[in-house]
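Fold and contact review
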Amino acid sequence: MENSKIGRRFQDKVAIITASTQGIGFSIAQRLGLEGASVVISSRRQRNVDEAVKKLTEQGIEVMGLVCHVSNAQQRKNLIDQTIQKYGKIDVVVSNAAANPSVDAILRTKETALDKLWEINVKTSILLLQDASPHLTKGSSIVFISSITAFEPPSGLAMYGVTKTALLGLTKALATELAPNTRVNCVAPGFVPTHFAEYITSNPIMRKALEDKTPLKRLGTTEDMAAATAFLASDEASYITGETIVVAGGAPSRL
Ligand code: NAP
């Protein structure tokens, strides 16, 4: 979207977005930043953090970048501590990190892969919010990034899909737990051609099959996901909590 058409819904707000140096997380940081937020971005590699900070700064966005592997307790704590030291509060947390270490059928997935899926995709989201919760402002907002695969986990992405289903439940449970001060919602993206989905979307036959079976006849963009996330995180969604918006071009999405 042209920058001139973007509003200022996040003026004076502070937003933490995990796993945000590229792909969907980066676009979310960019969107919230262009709408006035001070954004705190992070990922595992310093070089990626530095590059992303540079790109956002060049667009006039107030940004702090830190290394934070979401599995590292010290780095998670540092992410929150540094945010509070620099900006004094947290208005928005977007929990975006995920891994898909196995394409095996669920009953053939190794225990180490099962542990990693649970840890990165679900557990660390909870642990980060445990650290963040004392600093969440009244009217704050959390958004989890789930997936269309949460609704009907496809083979090859089955256990990954199940962890994404867990985020739908986590959204409901935390919405109740954190009400009325903090809203908790979720975005479930369809397929987006990022590094994460490259093994599917860079295969022309698989990509065409995905486009053909999507009613809107295209894959998603990172900006599509950022727009939905920004809506849920903003005061425009101030009477919405515990909900998931599916952003998947009309792909079936029923549990
Ligand atoms: P992506 O383009 O591959 O970007 C992943 C980002 O996460 C990078 O900045 C990466 O940087 C960082 N990262 C990876 N592992 C991390 C970890 N353990 N801790 C901290 N940062 C980490 O991925 P994406 O497609 O945008 O995916 C983002 C989210 O969207 C995920 O939750 C994914 O499940 C969800 N999603 C994606 C699709 C899709 O089709 N792309 C569809 C549905 C849902 P470093 O390498 O520097 O860590």
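So, here is what we can say about the structure in this document. Note that this is a predicted model, so its numbers are computed, not measured.

Before going further, it helps to spend a moment on the packing of helix H1 (residues 23–34) against helix H2 (residues 46–58). Packing of H1 against H2 leaves a shortest axis separation of 10 Å and a crossing angle of 30 degrees. The orientation of H1 with respect to H2, classified from their angle, is roughly parallel. Read as a crossing pair, H1 and H2 show a hand that is right-handed. Contacts between H1 and H2 involve Phe26, Ala29 and Gln30 from the former and Ala52, Lys55 and Leu56 from the latter. Per-class residue counts for the contact of H1 with H2 are four nonpolar, one polar and one charged.

Let us now look at the sheet that holds strand E3 (residues 63–67). Pairing is parallel across the open sheet formed by seven strands, whose spatial order is E3-E2-E1-E4-E5-E6-E7. Here the strands that pair on one side only, and so sit at the sheet edges, are E3 and strand E7 (244–247). Within the sheet, the average angular offset between the axes of one strand and its neighbour, ignoring direction, is 15 degrees. Where strand E2 (residues 38–43) meets E3, five bridges bridge the pair, whose relative direction is parallel. Residue pairing across strands places Val39 opposite Val63, the latter belonging to E3. The strands touched by helix H3 (residues 73–87) are strand E1 (14–17), E2, E3 and strand E4 (90–95); relative to E3, the strand with the most contacts, the crossing angle is about 160 degrees. Set on the sheet, helix H4 (residues 111–132) makes contact with E4 and strand E5 (136–145); between it and E4 the angle comes to about 170 degrees.

In this model helix H8 (residues 222–233) runs 16 Å from its N-terminal to its C-terminal C-alpha over 12 residues, within 8% of the 16 Å that 1.5 Å per residue would give. Every buried residue of H8 is accounted for by Thr222, Met225, Ala226, Ala228, Thr229, Ala230, Leu232 and Ala233. Buried residues belonging to H8 abut H1, E4, E5, strand E6 (182–189) and E7.

Quick look at a nonpolar patch on the surface now. Residues Ile106, Leu107 and Val162 make up a contiguous nonpolar surface patch of roughly 300 Å² in combined accessible area. With respect to the secondary-structure elements, Leu107 resides in the loop between E4 and H4.

Surveying the vicinity of the ligand reveals 29 residues, the closest of which are Ser43, Arg44, Arg45, Tyr160 and Thr194. Contact between the ligand and Ser43: an oxygen atom at 2.7 Å from a side-chain N or O atom of the residue. Here Val70 contributes a backbone N or O atom positioned 3.1 Å from a nitrogen atom of the ligand. Taken together, the elements giving at least two residues each to the shell around the ligand come down to H1 and helix H5 (158–178).

About the thresholds
What you see as residue numbers is a count from 1 along each chain, following the sequence as written. Thresholds applied to this predicted model are a pLDDT of at least 70 for local features of residues and 80 or more for the giving and counting of side-chain atom pairs; totals over whole chains, interfaces and linings are not thresholded and use all residues. Excluded from the side-chain calculations are hydrogens and water; all other atoms, namely the structure's heavy atoms, are used. What counts as an axis is a line fitted to C-alpha atoms, over the stretch in contact for a helix, and the angles between N-to-C directions run from 0 to 180 degrees. Secondary structure counts use DSSP, requiring at least four H or I residues in a row for a helix and at least two E residues in a row for a strand, with both numbered from the N terminus. Any angle that falls under 35 degrees is termed roughly parallel, while one over 145 is termed roughly antiparallel, one within 65 to 115 roughly perpendicular, and all others oblique. Note on convention: near helix rotated counterclockwise from far helix by under a right angle means a left-handed crossing. Clockwise means right-handed. Any pair of residues with heavy atoms lying within 4.5 Å of one another is described as a contacting pair. In this classification, the charged set is Asp, Glu, Lys and Arg, the nonpolar set is Ala, Val, Leu, Ile, Met, Phe, Trp, Tyr, Cys and Pro, and all remaining amino acids, among them Gly, are polar. Any two strands are treated as partners once DSSP identifies two or more bridges connecting them. One fewer than the residue count of a helix, multiplied by 1.5 Å, yields its expected span. Exposure is judged per residue with a 1.4 Å probe applied to protein chains only, and the accessible area is read against the type maximum: over 50% gives exposed, under 20% gives buried, and values in between give partly exposed. Each patch is built from residues that are more than 30% exposed by relative accessible area and take part in no salt bridge. Like charges join if they lie within 9 Å; nonpolar side chains (Val, Leu, Ile, Met, Phe, Trp, Tyr) join within 5 Å. All accessible areas in this document rest on Shrake-Rupley with a 1.4 Å probe, and a residue is counted as covered only by the protein chains that are shown. Salt bridge criterion: a side-chain nitrogen from Lys or Arg within 4 Å of a carboxyl oxygen from Asp or Glu. Nearness is judged by heavy atoms alone; a residue qualifies as near a molecule or strand once a single heavy atom is within 4 Å of it. Counting of polar contacts relies on pairs of N or O atoms within 3.5 Å, with two restrictions inside protein: one atom must be capable of donating a hydrogen and the other of accepting it, and residues adjacent in sequence are counted only when both atoms are side-chain atoms.

By themselves, these observations are geometric and do not establish any function.
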